[in-house]
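Here is how the chains run, residue by residue.
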Amino acid sequence: MSTYDEQDVKAHWEARYGERERVFSGRVNPWLAEVAGSLSPGRALDLGCGEGADAVWLAENGWHVVGVDISETALQRAAEEVAERDLCDRTDFVQMNLSKDFPEGTFDLVSAQFLQSMVQLDRERIFAASARAVAPGGVLIIVDHGAAPPWANLTHDHEFPTVEGVLAQIDLDPVQWETLRAAPVERNAVGPDGQQAVLIDNLIVLRRRADG
Ligand SMILES: C[S@@+](CC[C@H](N)C(=O)[O-])C[C@H]1O[C@@H](n2cnc3c(N)ncnc32)[C@H](O)[C@@H]1O
C-alpha cells in the first residue's frame with residue numbers, strides 16, 4: 001500500500017467522523033458485552049475502536065484496554081469519554097493503520113466490532129495478526145455487518161462478509177482453537193432517525209485453548 005493510499009484511507013475516516021459531533025451511538029456493542037461479560041477481565045485489544053464506547057464499557061467492567069483506530073478525531077473523542085469517567089488508568093488509545101501495523105503483545109480478549117470499510121482495509125492480515133495476539137485461554141471476537149441496515153442507502157452493490165468467508169480467511173488450527181460462536185445473528189436496532197429494524201450481524205467467537 002503506498003503512502004498516498006494510506007493518507008486517502010485516513011482522510012476517508014476523518015471525513016466520516018467530521019460529519020457529526022458523534023457518529024456512533026455511544027453504547028457498547030451488545031455481542032461484545034454478552035461475550036466479555038462472561039469472561040474474567042484481563043487485557044483487551046479493541047481494533048477499530050472508533051469513539052470508544054466499547055473501551056469505556058470494558059474499562060468499567062474491569063478490563064485494561066488498548067483501543068486502536070486510524071482516525072485521530074475518533075480517538076480524541078474516545079479519550080474524552082474515558083477522561084470524563086475517570087478511566088484513563090485502564091485505557092490506552094493508539095492511532096495506527098491496522099492494514100500495515102499491529103500493536104505489540106498479547107491480550108486476553110481481542111475484539112473487532114464492525115471493522116469494515118468502504119475503502120482499503122486488509123482484514124485478512126488484521127485477523128491473522130489478531131489471532132496471534134490472543135493469549136493462551138484468551139478469546140477473539142469478530143462481529144461484522146452481515147447485511148446493510150435499511151437506512152444505509154448504499155449507492156452501489158456492496159458485498160458483505162460471510163461467517164464462512166471470515167473463518168476461511170483466519171484458517172485457525174482446531175487443535176489450538178475452539179469455536180464458541182460462528183453464525184449470523186439478529187439484533188434489534190434503531191436507525192439514526194429513530195427507525196426500528198432487525199439487523200443481521202455475523203458473530204464469530206474463538207477461544208485459543210489454554211495449551212494452544
Ligand atoms: C464501522 S467503524 C466501527 C467502529 C466501532 N468498532 C463500533 O463498533 O462502533 C470502523 C472503524 O474502523 C476504523 N478503521 C478503518 N480502517 C482502519 C485501519 N486501516 N486501521 C485502523 N482503524 C481503521 C475506522 O476509523 C472506524 O472507527
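Keep in mind the model is a prediction, meaning the values are calculated, not measured.

Draft legend 1. Structural view of helix H4 (residues 72-84). Relative to the 18 Å expected for 13 residues at 1.5 Å per residue, H4 spans 18 Å between its end C-alpha atoms, a close match to the ideal helical length. Buried within H4 we find Ala74, Leu75, Arg77, Ala78, Glu81 and Val82. The buried residues of H4 occupy one face: seen down the axis, they fall within an arc of 160 degrees. By the N-cap criterion, in which a side-chain oxygen at the helix start approaches the backbone nitrogen of a residue two or three places on, H4 is capped by Ser71, the distance to Thr73 being 3.3 Å.

Draft legend 2. The arrangement of the UniProt feature "domain: Methyltransferase type" (unreviewed entry) in the protein chain in detail. In the numbering adopted here, UniProt assigns the feature "domain: Methyltransferase type" (unreviewed entry) to residues 45-142. In this annotation, residues 45-142 is assigned 32% helix and 31% strand; the end-to-end C-alpha distance for the span is 12 Å.

Draft legend 3. Expanded view of the layout of surface pockets. The volume enclosed by the second largest pocket comes to roughly 160 Å³. Looking at side-chain class alone, the lining of the second largest pocket contains 3 nonpolar, 5 polar and 2 charged residues.

Draft legend 4. Spotlight on the packing of aromatic side chains. Evaluation of the coordinates by the stated rule reveals 2 aromatic pairs. Geometrically, the ring pair formed by Trp13 and Tyr17 is tilted, given 6.3 Å between the ring centres and 40 degrees between the ring planes. Of the two residues, Trp13 and Tyr17 both sit in helix H1 (residues 3-18), 4 residues apart, roughly one turn of that helix. Note on Trp13: relative accessible area 16%, which makes it buried. Geometrically, the ring pair formed by Tyr17 and Phe24 is edge-to-face, given 6.0 Å between the ring centres and 70 degrees between the ring planes. Residue Tyr17 is classed as buried on the basis of its relative accessible area, which comes to 3%. Of the aromatic side chains, those joined through ring pairs into one cluster are Trp13, Tyr17 and Phe24.

The rules behind the values
- In this numbering scheme, every chain counts its residues from 1 along its sequence in written order.
- Per-residue local features of the predicted model are confined to residues with pLDDT of at least 70, and side-chain atom pairs are confined, for both listing and counting, to 80 or more; whole-chain, interface and lining totals are unaffected and use all residues.
- Based on all heavy atoms of the structure, the side-chain values leave hydrogens and waters out of the count.
- Working definition: helices are DSSP H or I runs of at least four residues, strands are E runs of at least two. Numbering for both runs from the N terminus.
- What a helix should span is 1.5 Å times the count of its residues minus one.
- For the exposure calls, accessible area comes from a 1.4 Å probe over protein chains only, and a residue counts as buried if that area is under 20% of its type's maximum, exposed if over 50%, partly exposed in between.
- Our arc is simply the arc of the directions from the helix axis toward the C-beta atoms.
- Here a polar contact is recorded for every N or O atom pair within 3.5 Å, except that within protein the pair must consist of a potential hydrogen donor and a potential acceptor, and residues adjacent in sequence are included only if both atoms are side-chain atoms.
- UniProt positions are given in the numbering used here, feature names are shortened, and annotations may be inferred rather than shown by experiment.
- A cavity, in this analysis, means grid points on a 1 Å lattice covering only the protein atoms where a 1.4 Å probe fits yet has no way out; a pocket is instead an open set bounded by protein on both sides within 12 Å along at least five of seven lines, and a residue lines either one if it has an atom within 4 Å of a point.
- Grid points are joined across faces, edges and corners, and a volume is the space filled by probe spheres set on the points.
- For this classification, the nonpolar set comprises Ala, Val, Leu, Ile, Met, Phe, Trp, Tyr, Cys and Pro, the charged set comprises Asp, Glu, Lys and Arg, and every other residue, Gly included, is treated as polar.
- Pairing of aromatic rings covers Phe, Tyr and the six-membered ring of Trp, with a centre-to-centre limit of 6.5 Å; geometry is then stacked below 30 degrees between planes, edge-to-face above 60, and tilted otherwise.

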